Amino acid sequence: MEQTYAIEMLNITKRFPGIIANDNISLQLKKGEIHALLGENGAGKSTLMSVLFGLYQPEEGTIKKDGKEVKINNPNDANDLGIGMVHQHFKLVECFSVLDNIILGVEPNKAGFLQKSEARKKVMELSDRYNLQIDPDALIEDITVGMQQRTEILKMLYRDNEILIFDEPTAVLTPQEIKELMQIMRNLAAEGKSILFISHKLAEIMEVADRCSVLRKGKYVGTVETANTTMEELSALMVGRNVSFHVDKKESTPGKEILSIENMTVASKLHKNNAVRNVSLKVRAGEIVCIAGIDGNGQTEFVHGLTGLEPLAGGKITLCGEDITKATIRQRSLKGMSHIPEDRHKHGLVLDYTLEDNLVLQRYFEPEFTDKAGFLKRKNIREYAEKLIGEFDVRSGQGPSTIVRSMSGGNQQKAIIARELDKDPELLVAVQPTRGLDVGAIEFIHKQLIAQRDAGKAVLLVSLELDEVMDVPDRILVMYEGEIVGEFDPKKTTQEELGLYMSGAKRM
Amino acid sequence: MLLLVQYTILFACILSLVALGGCFSEHSGVINLGLEGIMVMGAMGGALTMKYLPSDTSALLIVVFTIAVSMAIGMVYSLLLGVAAIHFKADQTLIGTAMNILGASLATVIVKSINTLSNPDDHSSAVQYIEEKKAFIVNIGDFEFSWFMAIAVVALVASYIVLYKTKLGLRLMACGEHPQAADSVGINVYKMRWIGVLISGALGGLGGICYITTGVSEWKFEYGVAGFGFLALAVMIFGKWKPQNIALAAILFGFFRALSNVYFGFDFLVNLNIPSGVYNMLPYVISLIVLAFTSKKSRAPKAEGIPYDKGAR
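Caption draft 1: How the structure looks around the overall build of chain B. For chain B, the count of helices and strands is 13 helices and 4 strands. The C-alpha radius of gyration computed for chain B amounts to 20 Å, which stays within 12% of the reference 20 Å derived for 313 residues, consistent with globular compactness. Projecting the C-alpha coordinates of chain B onto the three principal axes gives extents of approximately 60 × 50 × 30 Å. By residue count, 53% of the 313 residues in chain B fall in the buried class. Taking the contacts inside chain B whose residues are at least 6 apart along the sequence as the reference set, 78% of them involve residues at least 24 apart. For chain B, the accessible area works out to roughly 13400 Å², and carbon and sulfur atoms hold 69% of it.

Structure (structure tokens):
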């Protein structure tokens, strides 16, 4: 018997200027299943979902609902067909209440006047039935990310949607909230809803999904039952080759001291106490030192103090034997400090500049790129950008002249890494360099860090990811409430031991 | 004293009407700096209507026609803002400024050419409406009640209801706060912004005719509306884009504006020997001071001023 699918997308092709985002992709969603859509950043997952949701029109291909061909021209059509979506960046009006956000667009009304009590009753029923806790009168700007997401889910349920799309829903959640979300998704599927779960986190897909379709560089790779596969197999499908979850590296051979920090103290912008207190550490050539800790324990302020984004309240920084405590950011950069910032949009890139301009952001004033009269040498900049793009495999729609805002997160990060590493720094400060990236990009970045180390550079890594903390560095320093509370050899410690220090339960 | 109350109410009504206009436009996501120009155009439409209505027209009809024409002209003029800001995604501050410059000049040119046409020696930009103006006024004892007072109160209440109790208001404000969210639930952002801009045009035009019939019986259009559109914007900001607060803010600013008209009625003020220019400046100076201290805290619609582009993610 032929299986009827809740939704089928057949041979979908969607092109953007310079790039084929979806190349002949097919996706079949069974009724009542949780179907994962897996792919790296820029593989075309979000585009495919936007096509299904009516935000984009595909150039080729058909969409079928319950076996019948349908046309989806806008989100209204999608809604009429019972398709709802929780967007990666929530589509919620911040100064509206939860209830107003849920009913927006399908407001129950009499002659245009809102009938909120009716809506409230239905919302609270749904909230109870699916165990989605919300406060209907709270403003979105006042509630947690988790509750915002539950609001988005209720938005779909309120519209009686049968097909629910979750676009990378776990990226913004805490581990506890992720667990709850998984349970919610299972409940929804048990009630007969069909769920499309977009993600690049393999462990989550293995845990919650029934089947998984894989996209790679805009093409459809295949669909597998998660019960019959492994994480390794999935990641190989996604990246197109085997990815090692473990980082291979040689024994380190530390050389001379590159960075020395003595009693660094940095004031906090959030409270009256100092965010960083009396931190002293050294990083030698040829080693990777990692600062581990739970988010918000002074790491950000420490990095800002080190890189010159904020002044020190006290202490001394020495780079290659020179005192740089009061040096400007450019002086630090010229003396051999590279910085891969925590917030790549705020401190890493000028988003509305082109890729090539971003790549010379710290060097544009050098004679190679600026002539004596002060004009930019556009040709040299273009050539230099093309060289870096090739070396670091930065993918974008229009090459050097792509506006950086339009690039995927992974490729933006690659652009920053290309810029920072090509300066040939003595010290590389990498802050959460793999945040929000997929396994392929993470592997690439880890390899780059180790290559720097092997080339005799000093690397200071700041990370929140315990896997990364265990795998990449040669030494681990744990930061807790602005102080270094312990130093470890990654080969001789465990995640559990680190956890005790990171949470402040123990200190050396 | 009664005169002060009367003028305070009248000026507050004008400011409320125009500020409400700005409020609808901005809640939909379009900054309307062109209110000054819209007021002038609406005022011109109303003044010419009064001039050309047959002299035997009943008072009620004069009121209805004048107001209808003022609102209609205001709306038509606001099409400029709509087309440029919504359709062509132009910079809204620039369009508003252009509309202000154009408004005063266009009205002057039109009125002058009409005047010159009927009498080749008449080069003034003034329109007289001594008799017609009386249609708007009902004397209650010594208090001159103006129909505009009733209209402004109705507009305030109606705006509150529309914004907070209806489907239209919810959708309008969603477009000014987070148009992508509105779009994702199937709301036509462009349509909502058009509605906001047109309402703003109508209310701006109404405020215009209200302004030039307050206290005078003749208006020279080369004066524009003397910055009242900007004062209304200050009222809107001080009123935090909410009708109920706008009413209060309008009374405050209206009071100072009224003071400059009637201060000579108070002996102790006259005895202070302050030049009349100071009183004339008061509302504007106060608006500078008030906004300097409060504008930091007030929260404008988040997406105002940003043209909505469906394709951008």
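From this point, the narrative continues.
Caption draft 2: Region of interest: the packing of aromatic side chains. Under the criterion given, the structure shown has 18 aromatic pairs over all chains. Between B:Phe266 and B:Phe268, the aromatic rings sit 6.3 Å apart at their centres with planes inclined by 75°, giving edge-to-face as the arrangement. On the basis of relative accessible area, B:Phe266 is assigned to the buried category, the value being 15%. Look at B:Phe268 and you get exposed, because its relative accessible area is 57%. Grouping aromatic residues by their ring pairs yields a cluster made of B:Tyr7, B:Phe11, B:Tyr211, B:Trp219, B:Tyr223 and B:Phe228. A cation over a ring is seen here: A:Arg330 above A:Phe365, with NZ or CZ 3.6 Å from the ring centre.

Caption draft 3: Spatial organisation of helix α1 (residues 2-28) of chain B. Residue and element names in this part refer to chain B. In this model, α1 (27 residues) spans 39 Å end to end at C-alpha, consistent with the 39 Å of a helix rising 1.5 Å per residue. Here α1 lies mainly inside the structure; 23 of its 27 residues are buried. Within two residues after α1, Gly29 carries a phi angle of roughly 110°, on the positive side.

Caption draft 4: Structural detail: the sheet that holds strand β14 (residues 274-284) of chain A. All names here are of chain A. The strand order across the open sheet built from 4 strands is β14-β13-β16-β17, with neighbouring strands paired in antiparallel fashion. In this open sheet, the two edge strands, each paired with only one partner strand, are β14 and β17 (322-323). Note that strand β13 (residues 257-267) and strand β16 (residues 314-319) share 5 bridges and pair antiparallel. Within β16, the position partnered with Ile261 by the bridge is Ile317. Lying over the sheet, helix α9 (residues 299-307) contacts β13, β14 and β16, oriented at roughly 120° with respect to β13.

Caption draft 5: Expanded view of the nonpolar core. Judged by nonpolar contacts, the single largest core of 145 residues is most densely connected at A:Phe166 and B:Phe221. Residue contributions to this core peak at 14 residues, all from α1(B). Once you skip the residues sitting within four places of it in the chain, B:Phe221 turns out to touch B:Val40, B:Ala43, B:Met44, B:Ala47, B:Ala104, B:Ala107, B:Thr108, B:Val111, B:Ser125, B:Val127 and B:Ile212. Core analysis: the second largest hydrophobic core is formed by 43 residues, A:Leu388, A:Phe392, A:Val459 and A:Ile476 among them.

Caption draft 6: Highlighting the pattern of salt bridges. Residue and element names in this part refer to chain A. A full pass over the atoms with the stated rule returns 43 salt bridges over all chains. With a shortest N-O distance of 3.9 Å, Asp489 and Lys491 are connected by a salt bridge. Relative accessible area serves as the criterion here: at 25%, Asp489 is assigned to the partly exposed category. In the salt-bridge network here, residues are joined through shared partners; they are Lys250, Arg453, Asp454 and Asp474.

Caption draft 7: Focus on the interface of chain A and chain B. Each partner contributes to the interface: chain A provides 26 residues, whereas chain B provides 22 residues. Together, A:Lys91, A:Leu104 and A:Leu114 form the three largest contributors to the area buried by chain A at its contact with chain B, with a combined 23%. Linking chain A with chain B are 2 salt bridges. Taking the shortest distance from any N to any O, the salt bridge between B:Lys302 and A:Glu94 comes out at 2.5 Å. Our enumeration of links across chain A and chain B arrives at 6 residue pairs in polar contact (both at pLDDT 80 or more). For the side of chain A that touches chain B, the secondary-structure elements that each account for two or more residues are α2 (75-80), α3 (98-103) and β8 (113-114) of chain A.

Caption draft 8: Region of interest: the pairing of strand β20 (residues 458-463) of chain A. All names here are of chain A. When you tally the buried positions in β20, you get 6 out of 6 residues, the bulk of the element. Inspection of the sheet shows strand β15 (residues 287-292) paired to β20 by 6 bridges, in the parallel sense. By the bridge assignment, Ala292 is partnered in β20 with Ser463. Relative to β20, strand β19 (residues 427-431) runs parallel, the two being bridged by 5 bridges. Counted as the bridge partner of Ala430 is Leu461 from β20. This β-α-β element, β19 to helix α15 (residues 439-454) to β20, shows right-handed connectivity.

Caption draft 9: A look at the sheet that holds strand β21 (residues 475-480) of chain A. All names here are of chain A. What the 6 strands build is an open sheet, ordered β18-β19-β20-β15-β21-β22; its pairing is mixed. Both outer strands of the open sheet, β18 (337-340) and β22 (483-488), are each paired with one neighbouring strand and no more. Ignoring which end each strand starts from, the neighbouring axes of this sheet average 20° apart. Pairing geometry for β18 and β19, over 4 bridges, is parallel. Bridged to His339 within β19 is Val429.

Caption draft 10: Spotlight on the pairing of strand β10 (residues 194-199) of chain A. All names here are of chain A. Extensive coverage of β10 is indicated by the burial of 6 of its 6 residues. Residues Ser194, Leu196 and Ile198 of β10 are buried on one face, and the alternating residues Ile195, Phe197 and Ser199, pointing to the opposite face, are buried as well. Where strand β9 (residues 163-167) lies against β10, 5 bridges are found, and the strand directions are parallel. In the strand pairing of β10, Phe166 is matched with Phe197.

Caption draft 11: Seen up close, a nonpolar patch on the surface. A surface patch of nonpolar side chains, amounting to about 760 Å² of accessible area, comprises B:Leu272, B:Ile274, B:Val278, B:Met281, B:Val285, B:Leu288, B:Ile289 and B:Phe293. Here B:Phe293 lies in helix α13 (residues 276-294).

What counts and what doesn't
Residues numbered from 1 in each chain as written. Chains lettered and ligands numbered in written order. Predicted model: local features only at pLDDT ≥ 70, side-chain atom pairs only at ≥ 80, totals over all residues. Heavy atoms only, no water. Helix = DSSP H or I, 4+ residues; strand = E, 2+ residues; numbered from the N terminus. Rg over C-alpha atoms; globule rule 2.2 N^0.38 Å. Buried < 20%, exposed > 50% of the residue type's maximum accessible area, 1.4 Å probe, protein only. Contact = heavy atoms within 4.5 Å. Areas by Shrake-Rupley, 256 points an atom, 1.4 Å probe, with all protein chains shown as cover. Phe/Tyr/Trp six-rings, centres within 6.5 Å; stacked < 30°, edge-to-face > 60°. Lys NZ or Arg CZ within 6 Å of the ring centre and 35° of its normal. Expected span 1.5 Å × (residues − 1). Pairing = 2+ DSSP bridges. Axes fitted to C-alpha atoms, helices over the stretch in contact; angles between N-to-C directions. Core = buried A, V, L, I, M, F, W, Y, C linked by side-chain atoms within 4.5 Å. Salt bridge = Lys/Arg side-chain N within 4 Å of Asp/Glu carboxyl O. Buried area = accessible area lost by both parts, 1.4 Å probe. Polar contact = N/O pair within 3.5 Å; in protein donor to acceptor, adjacent residues only side chain to side chain. Right-handed = clockwise from strand over helix to strand, strands pointing away. Patch = residues over 30% accessible without salt bridge, like charges linked within 9 Å, V, L, I, M, F, W, Y side chains within 5 Å.

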